[in-house]
Amino acid sequence: MSEINLLGSVTAFLQRSHGHYINGVSILGQEKETFSIVNPASGEMIATVNQGGEAEVNQAMQAASAAFHGSWAQISPIERGNCLNRLADLLQKNGEELAQLESLCSGKPIQLSRMLEVGASADYLRYFAGWSSKITGETLNVSLPSLKGEKYSAFTYREPIGVVVGIIPWNFSIMIAIWKLGAALTSGCTIVLKPSEYTPLTILRVAELAKEAGIPDGVINIVNGSGARIGSSLISHPQCAKVTFTGSIPTGMSVGKSALEQGLKRTTLELGGKNAAAFLSDMSVEKIVDGILEAGYVYQGQICAAAERFYIPSVHMDDVLTLLSERLSVMKIGSPLDESTEMGPLANKAHYDKILSLFEKARQEDCEIVYGGYALEGPGFFVAPTIVKANSAEDTLMKEETFGPIGTFLSYDDEDELIGMMNATPFGLSASLWTNNMSKAMRMTSRIEAGIVWINMHTFLDPALPFGGWKSSGIGREFGSAFIEHYTELKSVMVRY
Ligand code: TXE
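Residues numbered from 1 in each chain as written. Predicted model: local features only at pLDDT ≥ 70, side-chain atom pairs only at ≥ 80, totals over all residues. Heavy atoms only, no water.

Asks: Mind showing me how you'd approach the layout of surface pockets here?
Replies: The gaps left among the atoms become clear once a water-sized probe is rolled over them. Roughly 850 Å³ of volume is contained in the largest pocket. Lining the largest pocket are 36 residues, with W170, F245, G247, S248 and T251 sitting closest to its centre. Elements that contribute at least two residues to the lining of the largest pocket include exactly α9 (227-236), β10 (240-246), α10 (249-261) and α13 (349-364). A total of 6 residues in the lining of the largest pocket trace back to one element, the largest contributor, which is α10. The class makeup of the residues in the lining of the largest pocket is 17 nonpolar, 14 polar and 5 charged. Empty space within the second largest pocket amounts to approximately 480 Å³. For the second largest pocket, the lining is made up of 21 residues, of which L116, M175, T459, F460 and L461 are closest to its centre. Secondary structure elements with two or more residues in the lining of the second largest pocket: α6 (110-131) and α7 (175-187). With 6 residues, α6 is the largest single contributor of residues to the lining of the second largest pocket. Of the residues that constitute the lining of the second largest pocket, the class distribution is 16 nonpolar, 3 polar and 2 charged. (1 Å grid on protein atoms, 1.4 Å probe; cavity = no way out; pocket = protein on both sides within 12 Å on 5 of 7 lines; lining within 4 Å. Points joined across faces, edges and corners; volume = space filled by probe spheres on them. Helix = DSSP H or I, 4+ residues; strand = E, 2+ residues; numbered from the N terminus. Nonpolar A, V, L, I, M, F, W, Y, C, P; charged D, E, K, R; others polar.)

Dropping the structure here:
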């Protein structure tokens, strides 16, 4: 194992006392209680963070509200975009520091931290920056006749919604925060972020870079602490105009419910699901296995759009599972700080325990564990990448999101039945179809119930393409032009003359 050397700035950052970022200043807050940040590759504590309380929630919401009505409102749309572009520059300039911090806290292999948490985050910021000068209303023709010869003109404004509360999960703690921050700031909103308790550090560093980029104090604020306490207080705060959440389905549902109950606060929810990848019989066994690895096992399967249900033509099933087992057996599992590592640990102990209990569940239900299904020895939260052959669509692993490196496989013979099987779930975030027959793929795509359908690819998100779930996988869309509707209110104006 050869690990990269940690930068001095990373060790220095970890040794600092951490709390919150409010009105342009890093603060510890009033609470004495702290929570620990654990490196999932070693199980060791690497930093502590102060819990937030009502005082920090209030300060953050007030700072965001003051900036929304003050400094940020006075800045021109073009300059808002320039601010986001300068932040993108600084993400790249400080990219190695951020990537190392992220890998230490989340167990993400360093190459993925560099590519997604830093590289893609900068790209998303630049994409959102471009929108700042293009968010406009419309001029409309009034449809009813005038009664006494008077005339009417009508138009709409798209006005920023106000203070946005962004609740962030642990799987992409920079990138998902940037999605929400970029959308909010380019629309003229300000934001208060609540990172996951497991990965709160990197975004604190990003907030410092935002100040260096010239983003005014109060525009970005961060309050750390438990979801139930801080998340709920932020949602119910009178200054909160909108909640944007990414995370698990049960938490997302409770967040959505409380946002509605707290005065119909606007809500976007990007939740998980039980995404399907289906391979048609014209695909070679090698191509199918390449596709499965791409769709299900990147970053230990901890990606909300990753596939967890795999449908394989019965003629290919045995060969696919044999070759996939071979490929998983040589996958390099190890330290996230080793540049050749392909698979790191699970991101935290609670998630590790959940995955171990799902292995147990598969055994109890007599599913065949073709490969893996156990924890790896040594410190840290490592498990073997796992292949489960389901008995039927009713097995727990065909229905419940695992969010781990577990592919569950079912064979099929009839392509018409296949679509029914893919859709037989309360969720609909993503799906993929793999075939050389493009005409068939296009026909089948229109019948799939999911927010995004990939053909011959999976888990590839692009800032220009709307992303979000059908059914219980969410409400609203991120990216493209679709985000505008969720971060602005429409105001109609009518004039008589
Ligand atoms: O997620 P939560 P957790 C899945 C994954 C994992 C499980 C639990 O399977 O094992 O969810 O992970 C905040 N009001 N996913 O507990 O609860 C919380 O502090 C307001 C899939 O980390 O969804 C964190 O900031 N906020 C998922 C955020 O919500 C609350 C990604 C997400 O936490 C809150 C992550 C409350 N009552 C985990 N309770 C995906 N599909 O993208 C918690 N939070």
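After that view of the structure, there is still more to cover.
Asks: I'm lost on unusual backbone geometry in this one. Help?
Replies: Most peptide bonds take the trans form, and the phi angle of most residues other than glycine is negative. Of note, the phi angle at D366 is positive, near 60 degrees, even though the residue is not glycine. With respect to the helices and strands, D366 occurs in the loop between α13 and β14 (368-371). Judged by relative accessible area, D366 falls into the exposed class, the value being 61%. Residue F403 is not a glycine yet carries a positive backbone phi of 60 degrees. (Buried < 20%, exposed > 50% of the residue type's maximum accessible area, 1.4 Å probe, protein only.)

Asks: What should I look at first to understand the site of the ligand in this one?
Replies: Lining the immediate surroundings of the ligand are 25 residues, of which K194, E197, S248, T251 and K354 lie closest. Within the side chain of T251, a nitrogen or oxygen atom sits 2.7 Å from an oxygen atom of the ligand. Here a nitrogen atom of the ligand and a backbone polar atom of G272 are 3.5 Å apart. In the complex, the protein chains occlude 86% of the 810 Å² of accessible area that the ligand would expose alone. Broken down by element, the residue count for the shell around the ligand peaks at 4 residues, all from α9. Among the residues forming the shell around the ligand, the class breakdown is 10 nonpolar, 11 polar and 4 charged. (Near = heavy atom within 4 Å. Polar contact = N/O pair within 3.5 Å; in protein donor to acceptor, adjacent residues only side chain to side chain. Areas by Shrake-Rupley, 256 points an atom, 1.4 Å probe, with all protein chains shown as cover.)

Asks: Help me understand the UniProt feature "domain: Aldehyde dehydrogenase" (unreviewed entry) in the protein in this model?
Replies: Within this structure's numbering, the places UniProt gives as "domain: Aldehyde dehydrogenase" (unreviewed entry) are residues 31-493. What you have in residues 31-493 is 40% helix and 21% strand, and the ends, taken at the C-alpha atoms, are 47 Å apart. (UniProt positions renumbered as here; feature names shortened; annotations may be inferred.)

Asks: I tried to follow the packing of aromatic side chains on my own but got confused; where do I start?
Replies: Between two aromatic rings, the relevant description is the distance of the centres plus the angle of the planes. Using the criterion set out here, one finds 15 aromatic pairs in the structure. Relative to W179, the ring of Y124 has its centre 5.6 Å away and its plane inclined at 55 degrees; by these criteria the two rings are tilted. Linking Y124 in helix α6 with W179 in helix α7, this pair joins segments that are 55 residues apart in sequence. Comparing Y124 with W179 shows no difference in burial state: the two are buried. Ring plane angle 75 degrees and centroid distance 6.0 Å describe the contact between Y127 and F128, whose orientation is recorded as edge-to-face. In this structure F128 comes out as buried when scored by relative accessible area, which is 1%. Aromatic rings pair up to connect Y127, F128, W131, F483 and Y487 into one cluster. One cation-aromatic arrangement involves K242 over Y487; the distance from NZ or CZ to the ring centre is 4.7 Å. (Phe/Tyr/Trp six-rings, centres within 6.5 Å; stacked < 30°, edge-to-face > 60°. Lys NZ or Arg CZ within 6 Å of the ring centre and 35° of its normal.)

Asks: Explain the packing of α6 against α7 here, please?
Replies: Each packed pair of helices is defined by two parameters, the angle between the axes and the distance between the axes. Taken N-terminus to C-terminus, the directions of α6 and α7 make an angle of 10 degrees; their axes are 9 Å apart at the nearest point. Here α7 runs roughly parallel to α6, going by the angle between their axes. α6 and α7 meet at a crossing whose hand is right-handed. Contact residues: α6 offers L116, E117, A120, S121, Y124, L125, F128, A129 and W131, while α7 offers M175, I178, W179, L181, G182, A183 and T186. (Axes fitted to C-alpha atoms, helices over the stretch in contact; angles between N-to-C directions. Parallel < 35°, antiparallel > 145°, perpendicular 65-115°, else oblique. Left-handed = near helix turned anticlockwise from the far one by under 90°. Contact = heavy atoms within 4.5 Å.)

Asks: Whenever I open this one, the environment of E308 confuses me. Can you help?
Replies: Turning to its location among the elements, E308 is positioned in strand β13 (residues 307-313). On the accessibility criterion, E308 (3% relative accessible area) is buried. With 170 residues separating them along the chain, E308 and E478 place their C-alpha atoms 22 Å apart. Those residues within four positions of E308 in sequence are excluded, and the remaining contacts are K274, N275, E400, E401, T402, F403, G404, I406, G407 and T408. In terms of polar contacts, E308 uses its side chain to reach the backbone amide nitrogen of T402, at 2.8 Å.

Asks: How should the side chain of E56 be read in this particular structure?
Replies: Looking at where E56 falls in the secondary structure, it is placed in helix α2 (residues 54-69). E56 has contacts with H20, I22, I27, G29, Q30, E31 and V223, leaving out every residue within four places of it along the chain.

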